[in-house]
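# Examining the three-dimensional arrangement
So you can see what is in the structure, the chains are spelled out below.
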Amino acid sequence: MINRWSSFSYILTFIIILPIVLVINHALGSETQTLIHLKETVMSEYVTDTLILVLSVAFVTLILGVGTAYLTTFYQFRFAGFFVFTLALPFAIPTYIMGYVYADIFGYFNHFHLFLRSIGIEEYFNVLNIYSVIIIMSLVLYPYVYLLVRASFEKSKSALLNPALSLGSSRKKIFFKIILPLSRPAIVGSLALVMMETISEYGITEYYNIKTFTPAIFNTWFGLHDSKSATYIAVMAMVMVLIVLIIEKYNRGKADYKTEDTKAKVKKQHLKGYRLYLTYTLLSMPIVFGFIIPLIWMGVYSYEYAANILDEKFLGTLTNSFVSSSLTAFIIIVLAFFVGYTSRIFPTVMNRYLSKIISLGFTMPGAVIAIGVVMLIINIDKWLIENYITKTLFLGGTFFTLLFAYIVRFFAIGVHTVDSSLERISIDLNRASRSLGHSYFKTMIKVELPLMKNALLFGFALVFISTVKELPMTLVLRPFNYETLATKAYTLANAQMLHETSLYALGIIVISLIPLSVILLKRHV
Amino acid sequence: MIKIFLTIVVLLISSNANEVNIYTHRHYPSDEVLFKTFTEKTGIKVNVVQANADQIMKRLEEEGKYTPADLLLTVDVGRLYYAKEKDLLQPIESKFLEEVIPFNLRDKEGHWFGVTKRARVLVYNIDSVDPRSLSTYEALADKKYKGSILTQSSSSIYNQSLLASIIAHKGEKEAKAWAKAVRSNFARRPTGSDRDQMRALAAGMAKVAIVNTYYVGQLINSKSFSDKAVAEMIGIYFPDQGEDERGTHINISGIGVTKHAKNRENAIAFIEFLCSQEAQKVFTSVNYEYPVNKNVAPSRLLQSWGSFKEDSIELYKIGQNNAKAVKIFNEVGWY
């Protein structure tokens, strides 16, 4: 059945994936010579490194994310509110900056080794390896799991926990038998985001020389000058992720994850004694290594120079980042909500898999998407010029191009947050409203929107922060003289101007705090 | 109606300002200074997009004849060669440029011109290495260096160009044997930047590293005390200086006017400015690069490293062999 809702979703999906389709189309009939060369030489290395990195990061973020979400939802202890907030913060630090920070701290003549030598250990620990990358990427990405899973826990806790507890089940049993299975959509959705972002990460894998698919794409495209084979590799990565997602969705089948929100208070367990200290230790680890240490590093470096750089230019850059990120986040969340709602009220096969298709862009390295976006936009421009509507590039090289690229790339985040939350709301509510004569649109605004508000805000924050941090697309697509905090931090880090870098990195954290605090503090959890 | 509105908008945007638009790969403080100086001197506004060269060249290619860019400024001759191959640049004539820039550092037909030179040299740990034991790039293939060489990964375009120069001089077969032998002498799997190689070298992880000279300058003048300490522990060695040897491998940072430049005259003026004595002095003193202008001496720091014989191969030959170099790196497992 094609109706207005579905057709809107189809058109939107089409527009969003068009740049990716253009890039793939470009790859058709790829040069077998290059692929044979790669297969005979480095391909096995690429596959191994990708698998090791993606699976390890998924595993570590799963443990960290679910663990921290569980402890902060179901237990009561002093400073719980503080932990709820700060646990999300590592997400605000760009991965490549974190990579620089730790490479610097562990430098032979720097803090860590100076300390070792002062206590008589002469050994040199080289941190530029895959283990460091796994840890750093996990620290940056676990907040995806933490935030989405925690939102899901919050929803189910009272309705399920209280009856189960009163029936005498142990907490361990409840966790594994009830809470964890019920949160499957949130866990899978957030892990999908983590895996896709890991595959497409470029900065840190390049610096630490980890051969994932993303460097492979660059090596093939720009080193061997074979864009077709490069795109072939990109598609391979995409298909891998797509298969995993579809299997999961299929596997889940008709399972129902809906629970009703009740206002009943959950019996949070008070933590005491060694378990309290253990909890503090566990919760502090990701915060200390993922946020506090990098923050101190930036603080120390930027302290002396802050006054020199805090001028109009800095404010302009800050404004650019803020405007582009909030616009991107707002547009994505509104559209993702429409798409999610459509597949909810018209659950056709096509509609159900639409969200998987639309989020494909997230597995592709930003730079490749950027190329697809350029192809699309320039073709539109050429059409405009050839039809005498405009004389020069009207869209290409403008802020619009950049905004569109952000939307293509980060739509996945919006879709996954919306999906994992919508799946928890019973369709009966919608039907009840409809039977009272309300339109689909009114029902959406009156019934689903209020229930989804928190999830949408989460999605907004995640997209916002991702956009603030975004680098490769911004670099290549930006208009003349346009700088964001991320481009500045990167350029300065490259020029080894650490003091200036850290100030811009601090700027990224500060504006990321805005949406995070709105959500987390307002909910005073 | 929409048509009229769009036309007005376009007219407003495309007012004929006195400007020059640059796509650049270079992200150095020296360049910002020079852009500013150029505007002050000529009144021509400099608009910049700074991004990875390979990707911005793709943007340039897609934009075709509608590109707003007048100039492409990048590092590594391989990219300039490729930009010419892809028909992204146009030839220009300039008596001044032909006079001050040596023949081998610019394109024969005037599609691109070097603006700075960088040498890819050997640096050694002064505690464990006697510089007299060093000689050529080829010597690094010797078994005595087992476990003692540091360099970047093969995705470093500077390593690609070094290998491409060896291919150009000695042929693919010998170049491959060299890459394979050097690879088996690595102290560790290549990671990090040129600076990180020197940091590991100072930490005693290896004896020799292959790096670009301006990174040494950056360490010496670093604000970080630990990087200063690193700089004190390493020495610079210019390889291939013997009488019948070809000289140290040099590469350029270069610039060309885009094929569809709208501000061609301004673009040429800008290139001439970058190669003027004034600008060349900024490059060498702020960014520790060697000047291309024959009449400008390197900065005092660079002079303190000594003068050396340069490999005078015509640089386009290095660009020609770039893809072959990448293939060889893949084949010998120099990741």
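These numbers come from a predicted model, not from an experiment.

### Examining the packing of aromatic side chains
Residue and element names in this part refer to chain A. In the structure shown here, the tally under the stated rule is 44 aromatic pairs over all chains. Seen in terms of ring centroids, Phe 112 and Phe 125 are 6.3 Å apart; in terms of plane orientation they differ by 70 degrees. Their pairing is edge-to-face. Taken as a pair, Phe 112 in helix α6 (residues 111–118) and Phe 125 in the loop between α6 and α7 (130–166) lie far apart in primary sequence, 13 residues in all. With a relative accessible area of 26%, Phe 112 lands in the partly exposed category.

### Things to note about helix α2 (residues 32–40) of chain A
All names here are of chain A. By the burial criterion, the buried members of α2 are Thr 34, Leu 35, His 37 and Leu 38. The buried residues of α2 occupy an angular sector of 160 degrees when projected down its axis, which confines them to one face. Exposed side of α2, more than 90 degrees from the buried face: Thr 32, Gln 33, Lys 39 and Glu 40 are the residues found there.

### Describing unusual backbone geometry
Unusually for a residue other than glycine, Asn 209 of chain A sits at a positive phi of about 50 degrees. Non-glycine residue Asp 240 of chain B carries a positive phi angle of around 60 degrees. Looking at the element boundaries, Asp 240 of chain B is found in the loop between β8 (234–237) and β9 (250–258). The class of Asp 240 of chain B is buried, set by a relative accessible area of 2%.

### Examining the interface of chain B and chain A
Counting residues at the interface gives 60 residues for chain B and 63 residues for chain A. With both chains or domains summed, chain B and chain A bury close to 5,500 Å², and 60% of this area falls on carbon and sulfur atoms. Where chain B packs against chain A, one counts three salt bridges. Note that Glu 45 of chain A is salt-bridged to Arg 189 of chain B, the shortest N-O span being 2.8 Å. Taken together, the connections running from chain B to chain A amount to 19 residue pairs in polar contact (both at pLDDT 80 or more). Here the side of chain B that touches chain A takes seven residues from helix α3 (residues 53–63) of chain B, the largest share from any one element. Its residues assigned to classes, the side of chain B that touches chain A comprises 27 nonpolar, 16 polar and 17 charged.

### Brief notes about the domain arrangement of chain B
Residues and elements named next belong to chain B. Assigned domains within chain B: domain 1 (2–115 + 252–296) and domain 2 (118–248 + 319–332). Across the contact, 14 residues belong to domain 1 and 13 residues belong to domain 2. On the domain 1 side of the interface with domain 2, the three residues burying the most area are Asp 76, Tyr 288 and Tyr 290, jointly 46% of the side's total. Here domain 1 is connected to domain 2 by one salt bridge. As a salt-bridge pair, Glu 289 and Arg 118 come within 2.8 Å of each other at their nearest N and O atoms. Those elements that place two or more of their residues in the side of domain 1 that touches domain 2 are α4 (77–85) and β9. At four residues, α4 tops the list of elements feeding residues into the side of domain 1 that touches domain 2.

Each value, and the rule that gives it
Residues numbered from 1 in each chain as written. Chains lettered and ligands numbered in written order. Predicted model: local features only at pLDDT ≥ 70, side-chain atom pairs only at ≥ 80, totals over all residues. Heavy atoms only, no water. Phe/Tyr/Trp six-rings, centres within 6.5 Å; stacked < 30°, edge-to-face > 60°. Helix = DSSP H or I, 4+ residues; strand = E, 2+ residues; numbered from the N terminus. Buried < 20%, exposed > 50% of the residue type's maximum accessible area, 1.4 Å probe, protein only. Arc of directions from axis to C-beta. Contact = heavy atoms within 4.5 Å. Buried area = accessible area lost by both parts, 1.4 Å probe. Salt bridge = Lys/Arg side-chain N within 4 Å of Asp/Glu carboxyl O. Polar contact = N/O pair within 3.5 Å; in protein donor to acceptor, adjacent residues only side chain to side chain. Nonpolar A, V, L, I, M, F, W, Y, C, P; charged D, E, K, R; others polar. Domains from an automatic or database assignment.

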